[in-house]
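Summary of the model geometry
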Amino acid sequence: LPGQSPQYALARLKSERAAVISMLATLDTEINACAPVSRLPPELLCRIFSDLVGLEVDFAPELDGFPSSMPWVRLSHVCRHWRDVALNDPTFWARLQLPLPPRWADAIISRSQGAPLSI
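Residues numbered from 1 in each chain as written. Predicted model: local features only at pLDDT ≥ 70, side-chain atom pairs only at ≥ 80, totals over all residues. Heavy atoms only, no water.

1. Let's talk about the overall build of the protein chain
In terms of helices and strands, the protein chain carries four helices and zero strands. Reading the secondary structure of the protein chain in the N-to-C direction produces α-α-α-α. Burial analysis of the protein chain (119 residues in total) assigns 26% to the buried set. Long-range pairs, those at least 24 residues apart, make up 44% of the contacts in the protein chain between residues at least 6 apart in sequence. (Helix = DSSP H or I, 4+ residues; strand = E, 2+ residues; numbered from the N terminus. Buried < 20%, exposed > 50% of the residue type's maximum accessible area, 1.4 Å probe, protein only. Contact = heavy atoms within 4.5 Å.)

2. Some thoughts on the nonpolar core
Counting residues in hydrophobic clusters, the biggest one holds 18 residues, and the most contacted among them are Phe49, Trp72, Trp82, Phe92, Trp93, Leu100 and Ile108. Put simply, the parts of the chain that give this core at least two residues each are helix H2 (42–54), helix H3 (80–87) and helix H4 (102–111). For this core, the element with the most residues is H2, which contributes four residues. (Core = buried A, V, L, I, M, F, W, Y, C linked by side-chain atoms within 4.5 Å.)

3. Some details on H3
Within H3, burial applies to Trp82, Val85 and Ala86. One side of H3 carries all its buried residues, which in axial view fall inside an arc of 95°. (Arc of directions from axis to C-beta.)

4. Some points on the packing of aromatic side chains
In this structure the tally under the stated criterion is one aromatic pair. Between the NZ or CZ atom of Arg111 and the centre of the ring of Trp93, over which it lies, the distance is 4.8 Å. (Phe/Tyr/Trp six-rings, centres within 6.5 Å; stacked < 30°, edge-to-face > 60°. Lys NZ or Arg CZ within 6 Å of the ring centre and 35° of its normal.)

5. Brief notes about unusual backbone geometry
Even without being a glycine, Gln113 presents a positive backbone phi close to 50°. Secondary-structure assignment places Gln113 in the segment after H4. Exposure remark for Gln113: the relative accessible area of 52% places this residue in the exposed category.

6. Looking at the confidence of the model for the protein chain
Confidence in the prediction of the protein chain, expressed as mean pLDDT, is 81, and 84% of residues score 70 or more. Mean pLDDT in the protein chain bottoms out at H4, which sits at 81, and peaks at helix H1 (residues 6–33), which reaches 94. (pLDDT = per-residue confidence, 0-100.)

7. Describing the pattern of salt bridges
This model, assessed by the stated rule, comprises two salt bridges. In this structure, Glu16 engages Arg12 in a salt bridge whose closest nitrogen and oxygen atoms are separated by 2.3 Å. Placement of both Glu16 and Arg12 in helix H1 is noted, with a separation of four residues, approximately one turn of the helix. On the basis of relative accessibility, which here comes to 40%, the residue Glu16 falls in the partly exposed class. Overall, Arg12 belongs to the partly exposed group, its relative accessible area being 26%. With its nearest N and O atoms 3.4 Å apart, the salt bridge here joins Asp51 to Arg47. Here Arg47 and Asp51 lie together in helix H2, a separation of four residues that amounts to about one turn. Given the relative accessible area of 43%, Asp51 is considered partly exposed. Arg47 gets classed as exposed once you look at its relative accessible area, which sits at 55%. (Salt bridge = Lys/Arg side-chain N within 4 Å of Asp/Glu carboxyl O.)

Structural data, given as structure tokens:
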């Protein structure tokens with residue numbers, strides 16, 4: 001940009017881009033909140049999530065670093081609301097399905113918050 005050092009201009013543009021990305025994330029959250037499923041109480045979502053965890057169906061192959069033994073973890077990546085619900089429900093994390101990579105075992109045990117584990 002005229003009259004600015006290249007380093008300053010680059011820093012300013014990166015800052016503006018970060019602000020736009022943040023605004024888009026906020027808009028995405030607001031759009032997701034308008035979906036009918038977002039009006040379900042967290043307790044009902046927890047129940048649905050729990051039923052899905054119990055399924056012995058591999059509804060997603062290993063992808064994006066998720067082991068095929070725990071495809072239900074993808075539920076916590078659908079939207080911010082579902083993630084909050086899943087992360088705050090110890091029973092969602094209380095079922096360990098083996099084999100389980102060590103990096104996942106620590107996270108799952110921590111997220112189970114002392115709930116009885118089922119292996």
